[in-house]
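Chain by chain, the residues:
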Amino acid sequence: MNPQAKLMFALSLLLGTTITITSNHWIMAWAGLEINTLSILPLIAKSHHPRAIEAATKYFMIQATASALVLFSSMTNAWHTGQWDITQMTHTTSCLILTSAIAMKLGMVPFHFWFPEVLQGSPIITGLILSTIMKLPPIALLYMTSHSLNPTLLTLMAIMSAALGGWMGLNQTQIRKILAFSSISHLGWMAIIIPFSPKLTMLNFYLYVLMTSAIFLTMNTVKVLKLSTLMTSWTKAPALNTMLLLTLLSLAGLPPLTGFLPKWLIIQELTKQNMAPTAIIISLLSLLGLLFYLRLAYCATITLPPHTTNHMKQWHTYKPTSTLIAISIVMSIMLLPISPMIPTIL
């Protein structure tokens, strides 16, 4: 792709995201979502492979439907209340339609089927954008309307997302699909707490973006797309693969790593809200995700390929690891000690 075109699409992505997260009016928020959708489509389809074209088509159809639902819910609310302000979403039916539309945008259960397929058909860096930056505008809309949303519906969708995200990721061999189901599972943790503590949802999202970025950038560096090639990638960058093990365990939410912090705070908040059974259920469901993270970690660092005569080791890459990967990996592993500061932020 032409570098100037790529720069234009990247700037359009930033523009669309900025418009949505800074707007107070529903029409401006909708316009930002549309700019985002149209900017990412060429980046998904740039390889011209049939799978990439299919992914771009699916993404366009789902996002167009979700945007139409966002517009419809805001118009219905304006019809009944006379308010176009995002924070004044008070009509019950409009709130239900908006919840469905944002769930479709994010890829939450039961609107999750498109996300693994689109991620599998996209290049790794585009997959990183889809998993991180493209989720910011819908999460921001959820944050701004959190006081109006139905807690029962969000809790139900969150538990289903955590369950299906963990369950469907168990059988996968493609790393991008595993990370897609990981994203669906994490969305469950974000959605379950947003009616009670929206700032905690944003903290969870920021840490998820940090850890997912570290994993995608590492996969892009060692050029790995599936588990069978991940087993032979340790010779390329042994130190990076070792850090990948810790980052995966952090994404699974194991203490004393960064990923444990949001899960700990969410369980604590749910308990305060007298929702201990819900906290227990979602904690147990996260063990499903832990299993496929352990599979990835096992393939990355512990498994050795068979030593046959026709097996060739991959060349060790002596080019230094980028500063961005190093910083994101260190932060993905070592941020748990900041937890005493969190109550002052929240």
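What counts, and where the lines are drawn
- Starting afresh in each chain, residues are numbered from 1 along the sequence in its written order.
- Totals for whole chains, interfaces and linings use all residues, but because this is a predicted model, local features are given only for residues with pLDDT of at least 70 and pairs of side-chain atoms are given and counted only at 80 or more.
- As a rule here, side-chain values cover all heavy atoms of the structure and leave hydrogens and water aside.
- UniProt positions are given in the numbering used here, feature names are shortened, and annotations may be inferred rather than shown by experiment.
- The salt bridge criterion pairs a side-chain nitrogen of Lys or Arg with a carboxyl oxygen of Asp or Glu, the two atoms within 4 Å.
- In this description a helix means any DSSP run of H or I spanning at least four residues, a strand means any run of E spanning at least two, and both kinds are numbered starting from the N terminus.
- Classification of residues uses two cut-offs on accessible area relative to the type maximum, computed with a 1.4 Å probe and protein chains only: under 20% is buried, over 50% is exposed, and between them is partly exposed.
- Lines are fitted to the C-alpha atoms to define the axes, a helix being fitted only along its stretch in contact, and any angle between axes, read from their N-to-C directions, falls within 0 to 180 degrees.
- Roughly parallel covers angles under 35 degrees, roughly antiparallel covers those over 145, roughly perpendicular covers 65 to 115, and oblique covers all other angles.
- Contacts: residue pairs with any heavy atoms within 4.5 Å of one another.
- Charged means Asp, Glu, Lys or Arg here, nonpolar means Ala, Val, Leu, Ile, Met, Phe, Trp, Tyr, Cys or Pro, and polar covers whatever is left, Gly included.
- Two aromatic rings, drawn from Phe, Tyr or Trp (for Trp, its six-membered ring), form a pair once their centres lie within 6.5 Å of each other, and the interplanar angle then sorts them: stacked below 30 degrees, edge-to-face above 60, tilted otherwise.
- By definition, being over a ring means that NZ of Lys or CZ of Arg is both within 6 Å of the ring centre and within 35 degrees of the ring normal.
- Left-handed describes a crossing whose near helix is turned anticlockwise from the far helix through less than a right angle; right-handed describes the clockwise counterpart.

The name that an unreviewed UniProt entry assigns to the chain is NADH-ubiquinone oxidoreductase chain 2, with the source organism given as Hirundo rustica. Listed in UniProt under the heading Catalytic activity (unreviewed entry), the comment for the chain reads: "a ubiquinone + NADH + 5 H(+)(in) = a ubiquinol + NAD(+) + 4 H(+)(out)". What the UniProt record of the chain gives under Function (unreviewed entry) is the line "Core subunit of the mitochondrial membrane respiratory chain NADH dehydrogenase (Complex I) which catalyzes electron transfer from NADH through the respiratory chain, using ubiquinone as an electron acceptor. Essential for the catalytic activity and assembly of complex I."

(A) Summary view of the pattern of salt bridges. What the rule picks out here adds up to two salt bridges. The salt bridge involving Glu 54 is made with Lys 58; its shortest N-O contact spans 2.9 Å. Note that Glu 54 and Lys 58 are positioned in helix H3 (residues 50-81) at a spacing of four residues, about one turn of the helix. Its relative accessible area of 42% is what places Glu 54 among the partly exposed residues. For Lys 177, the salt bridge identified is with Glu 117, shortest N-O distance 3.3 Å. In this pair, Lys 177 sits in helix H9 (residues 175-193) while Glu 117 sits in helix H5 (residues 114-121), placing the two residues 60 residues apart along the sequence.

(B) Examining the packing of H5 against helix H6 (residues 124-131) more closely. It is the contact of H5 with H6, at a shortest axis distance of 8 Å, that shows an interaxial angle of 150°. On the basis of the axis angle, H5 is roughly antiparallel to H6. Contacts from Phe 115, Val 118 and Leu 119 of H5 reach H6 at Gly 127, Leu 130 and Ser 131. Of the residues that constitute the contact of H5 with H6, the class distribution is four nonpolar, two polar and no charged.

(C) Just the packing of aromatic side chains, in detail. This model, assessed by the stated rule, comprises five aromatic pairs. Taken together, the aromatic side chains of Tyr 59, Trp 114 and Phe 115 make up a single cluster linked through ring pairs. Over the ring of Phe 115 we find Lys 135; its NZ or CZ atom is 4.1 Å from the centre of that ring. Here Lys 263 stacks its cationic end above the ring of Trp 189, 5.1 Å away from the centre of that ring.

(D) Region of interest: the UniProt feature "transmembrane region" (unreviewed entry) in the chain. The sites that UniProt annotates as "transmembrane region" (unreviewed entry) are residues 59-79, 91-115, 152-171, 178-197, 203-222, 243-267, 279-304 and 324-342. Counted over residues 91-115, helix gives 68% and strand 0%. Its end C-alpha atoms are 30 Å apart. Secondary structure content for residues 324-342 is 63% helix and 0% strand, while the C-alpha to C-alpha distance between its ends is 25 Å.

(E) Representation of the packing of helix H12 (residues 238-252) against helix H15 (residues 323-334). At a minimum axis separation of 9 Å, H12 and H15 run at an interaxial angle of 40°. Relative to H15, the element H12 is oriented oblique. For the pair H12 and H15, the crossing hand works out as left-handed. Contact residues: H12 offers Leu 240, Met 243, Leu 246, Thr 247 and Ser 250, while H15 offers Ile 325, Ile 329, Ser 332 and Ile 333.

(F) Representation of the environment of Thr 76 within the structure. Tracing the sequence through the fold places Thr 76 in helix H3. You can call Thr 76 buried: its relative accessible area is 16%. Expressed as a C-alpha distance, the spacing of Thr 76 and Ser 94, which sit 18 residues apart in the sequence, is 6.1 Å. Not counting residues up to four positions away in its chain, the partners in contact with Thr 76 are His 91 and Ser 94.

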